[in-house]
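A structural walkthrough
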Number of protein chains: 2
Amino acid sequence: MTTPRILEVRTKILKQNDETARAMRQQFDRLGLLVVNLVSSPGTGKTSFLLETLRRLRKQGEPVAAIVGDLETDNDARRLAESGAPVRQIMTHGLCHLEADMVAQELADWNLADFHYLFIENVGNLVCPTSWDLGEHVRLALLSVTEGEDKPLKYPGLFNTADVAAITKCDLAEACEFNRDLAMANIASVRPGMTVFETSAKQGTGIDQWLAYLASRRHAECHAG
Amino acid sequence: MTTPRILEVRTKILKQNDETARAMRQQFDRLGLLVVNLVSSPGTGKTSFLLETLRRLRKQGEPVAAIVGDLETDNDARRLAESGAPVRQIMTHGLCHLEADMVAQELADWNLADFHYLFIENVGNLVCPTSWDLGEHVRLALLSVTEGEDKPLKYPGLFNTADVAAITKCDLAEACEFNRDLAMANIASVRPGMTVFETSAKQGTGIDQWLAYLASRRHAECHAG
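First, a word on scope: everything that follows refers to the structure included in this document. Since we're looking at a predicted model, the values are computed, not measured. Every chain is numbered independently, its residues counted from 1 as its sequence is written. Starting at A for chains and at 1 for ligands, labels are handed out in the order in which the entities are written. Residue-level local features of this predicted model are given only where pLDDT is at least 70; pairs of side-chain atoms are given and counted only at 80 or more, and the full residue set underlies all totals for whole chains, interfaces and linings. Each side-chain value is derived from all of the structure's non-hydrogen atoms; neither hydrogens nor water enter the calculation.

Focus: the relation of the copies chain B and chain A
Put simply, the second copy of the chain is the first one after a rotation about an axis and a shift along it. Structural alignment of chain B on chain A gives an RMSD of 0.0 Å, achieved by rotating through 180 degrees and translating 0.0 Å along the axis. Accordingly, the operation relating the two chain copies is best matched by a two-fold axis. Interface residue correspondence from chain B to chain A reaches 100%, placing this contact among same-surface, isologous pairings. Superposition of the copies used a least-squares fit over C-alpha atoms from residues whose pLDDT is at least 70 in both. Contact criterion: two residues are considered in contact whenever any of their non-hydrogen atoms come within 4.5 Å of each other.

Structural notes on helix H7 (residues 180–190) of chain A
Residue and element names in this part refer to chain A. Each residue is placed in one exposure class: buried if its accessible area under a 1.4 Å probe, protein chains only, is under 20% of its type's maximum, exposed if it is over 50%, and partly exposed if it falls in between. Only DSSP runs of H or I covering at least 4 residues are called helices, and only runs of E covering at least 2 are called strands; the numbering of each starts at the N terminus. Residues Ala183, Met184, Asn186, Ile187 and Val190 constitute the buried set of H7. Taken end-on, H7 shows its buried residues confined to a sector of 160 degrees, consistent with a single buried face. Residues of H7 that are exposed and point more than 90 degrees away from the buried face comprise Asp181 and Ser189. Contacts from the buried residues of H7 go to strand E5 (138–144), helix H5 (151–154), helix H6 (156–160), strand E6 (164–168) and strand E7 (195–198). Between the side-chain oxygen at the start of H7 and the backbone nitrogen of Asp181 there is a gap of 3.4 Å, and the oxygen is on Asn179. Starting at the helix axis, one direction is taken to each C-beta atom, and the arc is that of these directions. Side-chain atoms alone can form a polar contact between residues adjacent in sequence; in general such a contact is a pair of N or O atoms within 3.5 Å, and within protein one must be able to donate a hydrogen while the other accepts it.

Focus on the packing of helix H2 (residues 46–59) of chain B against helix H8 (residues 207–221) of chain B
Residues and elements named next belong to chain B. Angles run from 0 to 180 degrees between N-to-C directions of axes, and those axes are lines fitted to C-alpha atoms, restricted for helices to the stretch in contact. Running from amino to carboxyl end, H2 crosses H8 at an angle of 65 degrees, the nearest separation of the two axes being 11 Å. As the angle between them shows, H2 and H8 are arranged roughly perpendicular. The element H2 and its partner H8 pack so that their crossing is right-handed. Residues Phe49, Glu52, Thr53, Arg56 and Leu57 of H2 form the contact with H8, whose own contacting residues are Ile207, Asp208, Trp210, Leu211 and Leu214. Note on terminology: angles under 35 degrees are roughly parallel, angles over 145 are roughly antiparallel, angles of 65 to 115 are roughly perpendicular, and the others are oblique. Crossings are sorted by hand: turned counterclockwise from the far helix by less than a right angle, the near helix makes the crossing left-handed, and turned clockwise it makes it right-handed.

Here we look at the packing of aromatic side chains
Here a pair means two rings of Phe, Tyr or Trp (six-membered ring of Trp) with centres within 6.5 Å. Their orientation is stacked below 30 degrees between planes, edge-to-face above 60, and tilted elsewhere. One pass over the full model with this rule turns up twelve aromatic pairs over all chains. Members of the aromatic cluster, connected to one another through ring pairs, are Phe49(A), Phe197(A), Trp210(A) and Tyr213(A). Charge-over-ring placement is defined geometrically: NZ (Lys) or CZ (Arg) within 6 Å of the ring centre, and within 35 degrees of the ring normal. It is Arg218(A) that lies over the ring of Tyr117(A); its NZ or CZ is 5.9 Å from the centre. In this arrangement the basic side chain of Arg88(B) is found over the ring face of Trp110(B), its NZ or CZ atom lying 4.4 Å from the centre.

Description of the interface of chain B and chain A
Contact residues are listed per partner, giving 38 residues for chain B and 38 residues for chain A. Accessible surface is computed with a 1.4 Å probe, and the buried area is the amount of it that two parts give up when combined, taken over both parts together. Between chain B and chain A the total buried area reaches about 3200 Å² when both faces are included, carbon and sulfur atoms providing 57% of it. Residue Lys154(B) pairs with Asp76(A) through a salt bridge whose shortest N-O separation is 2.6 Å. The tally of links from chain B across to chain A stands at 15 residue pairs in polar contact (both at pLDDT 80 or more). Secondary-structure elements contributing two or more residues to the side of chain B that touches chain A are helix H1 (3–31), helix H3 (75–81) and helix H5 (151–154) of chain B. Of all the elements, H1(B) adds the most residues to the side of chain B that touches chain A, at six residues. In this classification, the charged set is Asp, Glu, Lys and Arg, the nonpolar set is Ala, Val, Leu, Ile, Met, Phe, Trp, Tyr, Cys and Pro, and all remaining amino acids, among them Gly, are polar. By residue class, the composition of the side of chain B that touches chain A is 16 nonpolar, nine polar and 13 charged. By salt bridge we mean one thing: a side-chain nitrogen of Lys or Arg within 4 Å of a carboxyl oxygen of Asp or Glu.

As for the pattern of salt bridges
Residue and element names in this part refer to chain A. Enumeration according to the criterion identifies 32 salt bridges over all chains in this entry. A salt bridge links Arg25 to Asp133; its shortest N-O distance comes to 2.6 Å. Of this pair, Arg25 sits in helix H1 (residues 3–31) while Asp133 is found in the loop between strand E4 (117–121) and E5, placing the two residues 108 residues apart along the sequence. Looking at Arg25, the relative accessible area reads 22%, which means it is partly exposed. Notably, a salt bridge pairs Glu198 with Arg180, separated by 2.8 Å at the nearest N-O pair. With Glu198 in strand E7 and Arg180 in helix H7, the pair connects residues that are 18 residues apart, well separated along the chain. Given a relative accessible area of 38%, Arg180 falls into the partly exposed group.

Things to note about empty space enclosed by the protein
Using a grid of 1 Å spacing that covers the protein atoms alone, one calls a set of points a cavity when a 1.4 Å probe fits there but cannot get out, and a pocket when the set is open and has protein on both sides within 12 Å along at least five of seven lines; lining residues are those with an atom within 4 Å of a point. Grid points are joined across faces, edges and corners, and a volume is the space filled by probe spheres set on the points. Under the counting rule described, the total for this entry stands at one cavity of 30 Å³ or more. A volume near 40 Å³ is recorded for the largest cavity. Partitioned by chemical class, the residues of the lining of the largest cavity number two nonpolar, nine polar and two charged.

Concerning the nonpolar core
For this analysis, a nonpolar core means a set of buried residues of the types Ala, Val, Leu, Ile, Met, Phe, Trp, Tyr and Cys, connected via side-chain atoms within 4.5 Å. Formed by 52 residues in total, the largest nonpolar core has its most connected members in Val145(A), Phe159(A), Val145(B) and Phe159(B). Secondary structure elements with two or more residues in this core: E5, H6, E6 and H7 of chain A together with strand E5 (138–144), helix H6 (156–160), strand E6 (164–168) and helix H7 (180–190) of chain B.

Thoughts on the sheet that holds E6(A)
Residue and element names in this part refer to chain A. In this analysis, strands are considered paired if DSSP registers two or more bridges between them. On the basis of which strands lie adjacent, the open sheet formed by seven strands has the order E3-E2-E4-E1-E5-E6-E7 and parallel pairing. A single partner strand is all that each edge strand has here, and the edge strands are strand E3 (87–91) and E7. Adjacent strand axes in the sheet meet at a mean angle of 20 degrees when their direction is disregarded. This element, helix H4 (residues 100–107), spans strand E2 (64–70), E3 and E4 of the sheet and lies at about 140 degrees to E3.

Structure, rendered in structure tokens:
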């Protein structure tokens, strides 16, 4: 079996990734740029959630930008650009997650001092993005009411490595017979004490709480701006 | 960069997987056992769809069995066992897809001649299961109305490598403002002519058409039973 060799190669690549991510995070800190990595299953509504986030931050006068990882299309990037924020697309051509190198390359010719917040929408996948640090300050795991309350139990790695969680599409909770208490208990069992935002991008609920959290994190983490 | 070495190891492992899968498929053919591999995003409703499938096949007197891949829990296996069919769980402990070896190992002490249909519920993931042949005759890609109509464009590999598709949770189509024609057009653009079942496990719609398709495939593919 070739498993040990795969593991060795994989460990080396992850180590390189961590070093790149760490260097990026130090740069972000110096510039006063809070970086957020959004991870979830495909179809959870990352793009709608992020579009609403970008719109509100711009309304507040905050300079924001976004990067979107996608396998093949630039659909999400085009949607996010409706916010008026600069948005870039990383096409992974089949790769199931973003890596620090890809982000670093995409950011190389951007003047990051121009921004207060940078959002990275990862490839829709509950498993693979877990291991890849992108230099972010905040990793947000999203879970929609349409997905089933047991996702945190089935994908504990995603919720364990995230800093905060958001429940999305809460406007559909009743139609989906979503059991809110069970979902909350499942998140808490995987990651006790985790802050969870209950949101609907369509109805605009819960987004203000999320923005207040981001502002406090930026204040705490970043040493400029 | 270590990428070429990764690719080389990966190619070798995929080749081994294909050989194992091919040998299994020949065995399934001889036994008159139709094998179905269900792939989709987490939360698409694979388990509910499969539970309804197992229940109806058992009502028809068909001997059926199922294997479920999951990262950490046996929730899905326990739900499927409610159908009365034998169900086994493969826990992947973080691995994002099933491989032919895992299935072969799980089947080793099963008398496969006892069954007409075997269903394999893959790990919820739109990317990684694509490359791994499990020896199935039918690969079914599922897409729920809650996920967004552009999933086939964003994950073309999943739909390209599938034989048929099912749209799930059609009972929620209106609440989600699901654009059926757009979804159908997107599937057709990635895989022209693909058969698509429009289903609701909750309301029981579309499952009979799916079962009729399975019966015709079993008749065509399997040389015994």
